[in-house]
Amino acid sequence: MNLVWEVLILLFCISPFSLAAQGPQTLNLGAIFVFNTINGNVSRIAMKAAEDDINADPSILGGRKLAISMHDSNFSGFLGIMGALQFMETDTVAIIGPQSSVMAHVISHLANELHVPLLSFTALDPTLSPLQYPYFIQTAPNDLFQMTAIAEMISYFGWAEVIALFSDDDQARNGMTTLGDQLAARRCRISYKVALPPDPKANRSDIQNALIKVLTLESRVIVVNTYSKTGLLVFEVAQSLGMIDKGFVWIATSWLSTVLDSYKTLPPNAFNSIQGVLTLRPHVPDSNRKRDFESRWDHLSNGSIGLNPYGLYAYDTVWMIARALRLFLDQGNTISFSNDSKLNGVGGGILNLDTLSIFDGGKQLLDNILKTNMTGLTGHLQFNQDRSILYPAFDIINVIKTGFPLIGYWSNYSGLSLVPPETLYGKKANRSSSSQQLHNVVWPGGNISKPRGWVFPDNGRQLRVGIPNRDSYQIFVSTVNGSVQGYCIDVFIAAIKLLPYAVPYKFVPFGDGHKNPNYDGLVNQIISGAFDAVVGDVAIVTNRTKAVDFTQPYIESGLVVVAPVKKLNSSALAFLRPFTPLMWAVTAIFFLLVGTVVWILEHRINDEFRGPPRKQFVTVLWFSLSTMFFAHRENTVSTLGRLVLIIWLFVVLIVNSSYTASLTSILTVQQLSSPIKGIDSLITSNQRVGFQVGSFAENYMINELNIAKSRLVALGSPEEYAEALANGTVAAVVDDKTYVDFFLTNRCDFSIRGQEFTKVGWGFAFPRDSPLSVDMSTAILKLSENGELQKIREKWLVKEICNSEGSNSGSEQLQLQSFWGLFLICGIACFLALLLYFCKMVRQFNRYRPEASDPSIPSRSNSRSRRLQTFLSFVDEKAEVSKGRSKRKRSQELNVCMKDDYPIDGSERIQRDVSPT
C-alpha cells in the first residue's frame, strides 16, 4: 500500500514537468484586419468558426487548443505594426493577415526576423516575393492571376487600349503594373492611368475630376482596381457623367464581386450605376462541405453580412495552420521561443523590444505549411514551387438588372472557358484562340453588341497628319497656296468620311519643299510623337511595318527598271529577229540530226531512203527541211523511225508556233531596243543606277540586290531622270512603277525594261495598335468596292503614255532556254533509237556475218579494218539481200552437219528457220 502512494506522489510531482516539456496547451495565432470593412468582417466570422471547429475536435491538435487573437488596424499601418509587435511578445506561432499589402511589406520584415509565418488571403500584391519575404505566404490567388485574367478578356474582345483607375497604394498600384505587363504580352497597353486616394480618403470631387479627364481620352475600356467604398463611388460619379452608357466598357476587379456576394441588396443608385459591368470573383468549386458551411453562415454571422470567397479562404487558412501545427508536433518538435541576439542592448524603455523572441520551430512550421495538400472549403489546396496556389481560377460575372450571371471562367490552366475549370484539369491544356470562349455580355446601356472600345478623343486636339513636302511628283501630294491636294490626299479624305465618327485633323508638311524628304524619317515621326498619322505616297515595306501600322494598300505598285531605248527600223532580215542566233543554230542542227537519224533507221528496209549517195544526201536534206511544214513525202517503215519522227514533229509544231507569234508581234508592234533587258542584266553590269531621293529603292538595291552603293545615283525629279538617262550618267533608273508611269507620259525615248521585280503598295501609317488603322482599312475597302477609289485614280493618274508594248525587243527574242527541254527530249529519243538500232545490227552481224559462207574470205580473219568494213557493208545492204545470204549460210551449216553426222533434230532446224534477219 505504501508503494502505491509513493508512485502516485511521484507522478504528481513529475506531471507538471512533462507537460512543460510538451509545450503550451494553447497555441496562439494572431489576426490583423480592418474589421469594419467587408473582407475584415467576413474574415473575422470565418476565422472564429474555424477556431471553434478545430477546438471541438481534440484529435486535431492532440488535446491542445487554438487561440486566435484579433487585432483591428482600423486602416492604419502604424496600428497594424503595433498589433504585430504585440503578437510577437505573446509567443504567437503564426499570424493571419495583414489585410493590406502596404502593411504586409512592413510586417513581413518582422516575420523574417522572428521566424513567425505570416499568411494572408487579402494582401495579394504580386511583388510580395518569397525570395524577399520567405515567411510570407499568400493563401489565395494573388493579383498576378487576376490581372492575367483581365488581360486575356481584353485580348479576347479585341481591344487594344485600356484606361486604369486604381487606388494609390502598393497593392492596387503594383496590380496595374502587372496588368500593363500582361497586356503588353498580348499587344495591348494601358493608355492612361488614374490614381485615386485609397479608402477611406477618396472623395467625390477627386473622382469626378479624374473621370472628366478620362472622358476626353480615346479609350472607352476602363479597368477599376480599388476597394469597395471608392469603387462604388467611382461608378456613381461615372453614371452622373453619362459614362455608364453605350460605347463604354467597365471591368472591376474582385472588390465588386465581394460587394455583390456580401450584401443581398444595394441602394438603387449604386445598383443602377454598375449595370453592364464585368467583374471577377475567385472561383470556388462546388462541394458538400462548402454548401454545409454556407448553410451555417447566417447563424454564424447573425445575418449581418453575406459570405464571399475570402471568408472561405479565411476558414481554410486557419485549418491550414492547424494541420501544419499537428504535423509539427507529430514530428517531435516543441513550441519554444528564444531571445533574438540582435535585440540585445536595444531593449528597455517603453518599447520593450527585449520581449520579442524568435520562434525556434518557425522554419519547420513554414515548411509544413508549404507542404499543405488538403481539401478545404475552397477546393484542393496545394502550393506550387513559387508558393502560388495551385490552379488559380476566377469566375467572370456580368452585372445586369436581373442578377449577376456568370459569362464564363478563367483559369491559369485553360484560359477562358464556359465550363468550370476543375472539369478541364484532367484534360490536356488547350490555350488556342478557338478554345477561348465566353457567353454573350450585356454591356452598359443595355447594348448586346460588343463596343468598339474607343472613340476619337473629344479633347479639342486635331489629328496631326504628316505629309511629304515634295519637290517632284506633286500630282500625289502637294501644297498650293496653303491648300493640300493630290491623289493620296483625295483617297485619305474620302476614306475618313466613311468612318462612323468624326475625326478632326490637320495636315503638317514634312520637308523643306526643295528636295524630296526621306520617307523613313517621315514614318519615324510617328514613333517620336510628332505626327499621329502619315499620309502620302508611302510604300509599305518591312522595316517600316516594324515601327508603325499601315492601312490596307490603296494602290498596288512595284519597282521597275527604266532605261533609254531606240526604235528598231524594219529591214529585209526582220524575219530573223524572233530567234536568237544560238536558237537558229541549234534548230538547224537538230533538223539535220533528225533527218540523219531517220535515214539511218530506214536505210536498210525502206527503198525511199536508198540509192546513190548523192540521191541519199538530197533525200536527207529534203526530208529534214520538209518536216518544218509537215510536207515530207517519204514514208517511215521502222518502229524506231516513226517514234523519232513523232517526237520531232511535236518539237517542230511548238517551235513553228512560237516563231509565228513572235514574228507577228515584231512586224505589227513598234520595236525598241536597249542593252538593259531588266533587273538581272542591270545587276550583272557595272553601270550606274539612278533612284529617287527619299525612296526605299536605295536600301532595297543595296541590301536585297547587293548592288554597290558607289553605283547608285540619287535623282530628285523627272527632269533629272531624263537628263541623267540621256547623257549616260546612269544606265537605268529604278523606281516605283506608279512614278514611272507618270514619268513616261510624254517621254517616249525611255521605256520600262523587264517586269516588276517587287510587289508593294501604298498605305497610310498610324502608331502601332492604333484602332484608326483598322477603321481606315475598312473604309479603303469600301471605297474599292463602291468604285470611288477607281474614280479618284482616273482623276489624277490615268494619262495617255507612250506606247511601250514592244519595248522589250531583246526579251521578246525566243531564247534557247525556253526550248531546251524539247530539244533534250528529241535528242534523247534519237540517241536511244540509234543505240537500239546499233545493238540490233551488231546482233545480226555476229549471227549471220558473211565470212562463214564466202569461201574466198579466210574464216579466221580478225583484221579490225576488214571486220569494220564488212560490218558497214552489212549495214548498207538491203534487208532482203542479208536475208538471202543468211539462208545460204544456214544451208551450208546443214550440209556440214550432215557430212559430219551431226544430229540436228527438227526443233533446232525450225528454230533456225525462224531466226530474225
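Residues numbered from 1 in each chain as written. Predicted model: local features only at pLDDT ≥ 70, side-chain atom pairs only at ≥ 80, totals over all residues. Heavy atoms only, no water.

This paragraph deals with the overall build of the chain. Scanning the chain for helices and strands turns up 30 helices and 33 strands. Scored against the burial criterion, the 917 residues of the chain give a buried share of 49%. Taking as baseline every contact in the chain between residues at least 6 positions apart, the subset at least 24 positions apart corresponds to 73%. With the model as given, the accessible surface of the chain reaches about 43700 Å², and the carbon-plus-sulfur share is 56%. (Helix = DSSP H or I, 4+ residues; strand = E, 2+ residues; numbered from the N terminus. Buried < 20%, exposed > 50% of the residue type's maximum accessible area, 1.4 Å probe, protein only. Contact = heavy atoms within 4.5 Å. Areas by Shrake-Rupley, 256 points an atom, 1.4 Å probe, with all protein chains shown as cover.)

Running from N to C, helix α3 (residues 77-89) and helix α4 (residues 101-114) point in directions that differ by 20°, and their axes come no closer than 10 Å. In terms of orientation, α3 lies roughly parallel with respect to α4. Taken as a pair, α3 and α4 cross one another with a handedness that is right-handed. Here G77, G80, I81, A84, L85 and M88 of α3 come into contact with α4, specifically with M103, V106, I107, L110, A111 and L114. Its residues placed into classes, the contact of α3 with α4 shows 10 nonpolar, two polar and no charged. (Axes fitted to C-alpha atoms, helices over the stretch in contact; angles between N-to-C directions. Parallel < 35°, antiparallel > 145°, perpendicular 65-115°, else oblique. Left-handed = near helix turned anticlockwise from the far one by under 90°. Nonpolar A, V, L, I, M, F, W, Y, C, P; charged D, E, K, R; others polar.)

It is worth spelling out the pairing of strand β2 (residues 65-72) at this point. Relative to β2, strand β1 (residues 26-33) runs parallel, the two being bridged by eight bridges. Counterpart to G30 in the pairing with β2 is S69. Each parallel crossover has a hand, and for β1 linked through helix α2 (residues 38-55) to β2 it is right-handed. (Pairing = 2+ DSSP bridges. Right-handed = clockwise from strand over helix to strand, strands pointing away.)

The next thing to look at is a nonpolar patch on the surface. A grouping of W820, L824, I828, F831, L832 and L835 is seen on the molecular surface, where their side chains present a nonpolar patch of about 610 Å² in accessible area. Of note, L832 is situated in helix α27 (residues 820-847). (Patch = residues over 30% accessible without salt bridge, like charges linked within 9 Å, V, L, I, M, F, W, Y side chains within 5 Å. Salt bridge = Lys/Arg side-chain N within 4 Å of Asp/Glu carboxyl O.)

The next point concerns unusual backbone geometry. In this chain, G97 is followed by P98 through a cis amide linkage whose omega measures 0°. Note on placement: P98 falls in the loop between β3 (94-96) and α4. For R387, which is not glycine, the phi torsion reads 75° and is therefore positive. As for its placement among the helices and strands, R387 is situated in the loop between β14 (379-382) and β15 (393-398).

Taken as a whole and assessed by the stated rule, the structure comprises 22 salt bridges. As a salt-bridge pair, D532 and R464 come within 3.1 Å of each other at their nearest N and O atoms. Placement of the pair is D532 in the loop between α15 (519-528) and β22 (533-534) and R464 in strand β18 (residues 463-468), with a sequence separation of 68 residues. Judged by its relative accessible area of 25%, R464 is partly exposed. Its salt-bridge partner being D490, residue K795 comes within 3.1 Å of it at the nearest N-O pair. Of the two residues, K795 sits in helix α25 (residues 788-796) while D490 sits in helix α14 (residues 487-496), which places them 305 residues apart along the sequence. Residue classification places K795 among the exposed positions, given a relative accessible area of 56%. Note on D490: relative accessible area 19%, which makes it buried.

Attention now moves to α27. With 28 residues, α27 should reach 40 Å at 1.5 Å per residue; the first-to-last C-alpha distance of 40 Å fits that figure. Along α27, the positions that sit buried rather than exposed are L822, F823, C826, A829, C830, A833, Y837, M841, Q844 and F845. (Expected span 1.5 Å × (residues − 1).)

Overall, mixed pairing links the five strands, which are arranged β29-β28-β30-β25-β31 in an open sheet. The sheet is open, and its two borders are formed by β29 (712-715) and β31 (750-753), each paired with just one other strand. Across the sheet, the axes of successive neighbouring strands diverge by a mean angle of 35°, strand direction being ignored. Alignment of strand β28 (residues 689-692) against strand β30 (residues 732-736), held across three bridges, turns out to be parallel. Counterpart to G690 in the pairing with β30 is V733. Sitting on the sheet, helix α22 (residues 718-726) is in contact with β25 (559-564), β28, β29, β30 and β31, with an inclination near 155° to β30.

Right, let's get into the side chain of H105. Relative to the helices and strands, H105 is located in helix α4. Residues in contact with H105, not counting those within four places in the same chain, are D125, T127, L128, Y133 and D170.

Ranked by internal contacts, the top residues of the largest apolar core, which has 105 residues, are L165, L211, I222, F235, W250, L256 and L325. Ranked by residue count, the leading element in this core is helix α12 (residues 309-330), at 14 residues. Counting residues in hydrophobic clusters, the runner-up holds 81 residues, among them V503, V560, V713 and F764. (Core = buried A, V, L, I, M, F, W, Y, C linked by side-chain atoms within 4.5 Å.)

The next point concerns the packing of α14 against α25. Direction vectors running N to C along α14 and α25 enclose 160°, while the axes themselves pass 10 Å from each other. The angle between α14 and α25 falls in the class roughly antiparallel. Relative to α25, α14 is oriented so that their crossing is right-handed. From α14, Y487, D490, V491 and A494 reach across to α25, where they touch L789, I792, R793, K795 and W796. Looking at the contact of α14 with α25, its residues break down into six nonpolar, no polar and three charged.

Let's shift gears to the environment of I489. Summarising the element assignment, I489 is placed in helix α14. In this structure the C-alpha to C-alpha distance between I489 and S478, which are 11 residues apart in sequence, comes to 8.9 Å. If we skip the residues at most four places from it in the chain, I489 touches I467, F476, V477, V484, F507 and V535.

Moving on, we come to the pairing of β29. Pairing analysis gives four bridges linking β28 to β29, with the strands arranged parallel. Each residue of the ladder has a partner; that of F691, found in β29, is A714. Between β28 and its parallel partner β29, the chain crosses via helix α21 (residues 697-703), and the hand of that crossover is right-handed.

Okay, the sheet that holds strand β8 (residues 221-225) next. In space, the eight strands of this open sheet follow the order β7-β6-β8-β9-β10-β15-β16-β17, with mixed pairing throughout. Of all strands in the sheet, those bounded by a partner on one side alone are β7 (189-196) and β17 (415-417). When the angles between neighbouring strand axes are averaged without regard to direction, this sheet yields 25°. Across five bridges, the pairing between β15 and strand β16 (residues 406-411) is antiparallel. Pairing of I396 across the sheet is with G408, part of β16. The strands touched by helix α5 (residues 143-157) within the sheet are β6 (161-167), β8, β9 (249-252), β10 (278-282), β15, β16 and β17, with β10 carrying the most contacts at an inclination of about 145°. Contacts from helix α8 (residues 228-240) reach β6, β7, β8 and β9, with the element oriented near 170° to β9.

Right, let's get into the environment of L215. Mapped onto the elements of the fold, L215 is located in helix α7 (residues 204-215). The exposure class of L215 is partly exposed, given its relative accessible area of 25%. Along the primary structure L215 and M243 are separated by 28 residues, whereas in three dimensions their C-alpha atoms are 8.0 Å apart. Not counting chain neighbours up to four residues away, the residues in contact with L215 comprise R220, L241, M243 and F248.

Applying the stated criterion to the full structure yields 37 aromatic pairs. Between Y473 and F742 the ring centres are 5.9 Å apart and the planes differ by 65°, which places this aromatic pair in the edge-to-face class. With Y473 in the loop between β18 and β19 (478-480) and F742 in helix α23 (residues 737-743), this pair connects stretches of sequence that are 269 residues apart. A residue is classified by how much of its surface remains accessible, and Y473, at 4% relative accessible area, is buried. Here F742 falls in the partly exposed class, since its relative accessible area comes to 31%. Members of the aromatic cluster, connected to one another through ring pairs, are Y473, F476, Y721, Y739, F742, F743, F750 and W762. Across from the ring centre of W454, 5.5 Å away, lies the NZ or CZ of R452, which sits over that ring. (Phe/Tyr/Trp six-rings, centres within 6.5 Å; stacked < 30°, edge-to-face > 60°. Lys NZ or Arg CZ within 6 Å of the ring centre and 35° of its normal.)

Let's shift gears to the environment of P420. Relative to the helices and strands, P420 is located in the loop between β17 and β18. Look past the residues within four positions of P420 in its chain and what remains in contact with it is H283 and Y409.

Side chains of D471, D512, E720 and E723 sit close together on the surface and give a patch of like negative charge. Here E723 falls in the exposed class, since its relative accessible area comes to 53%. (Lys, Arg positive; Asp, Glu negative; His and termini not counted. Charge placed at Lys NZ, Arg CZ, Asp CG, Glu CD.)

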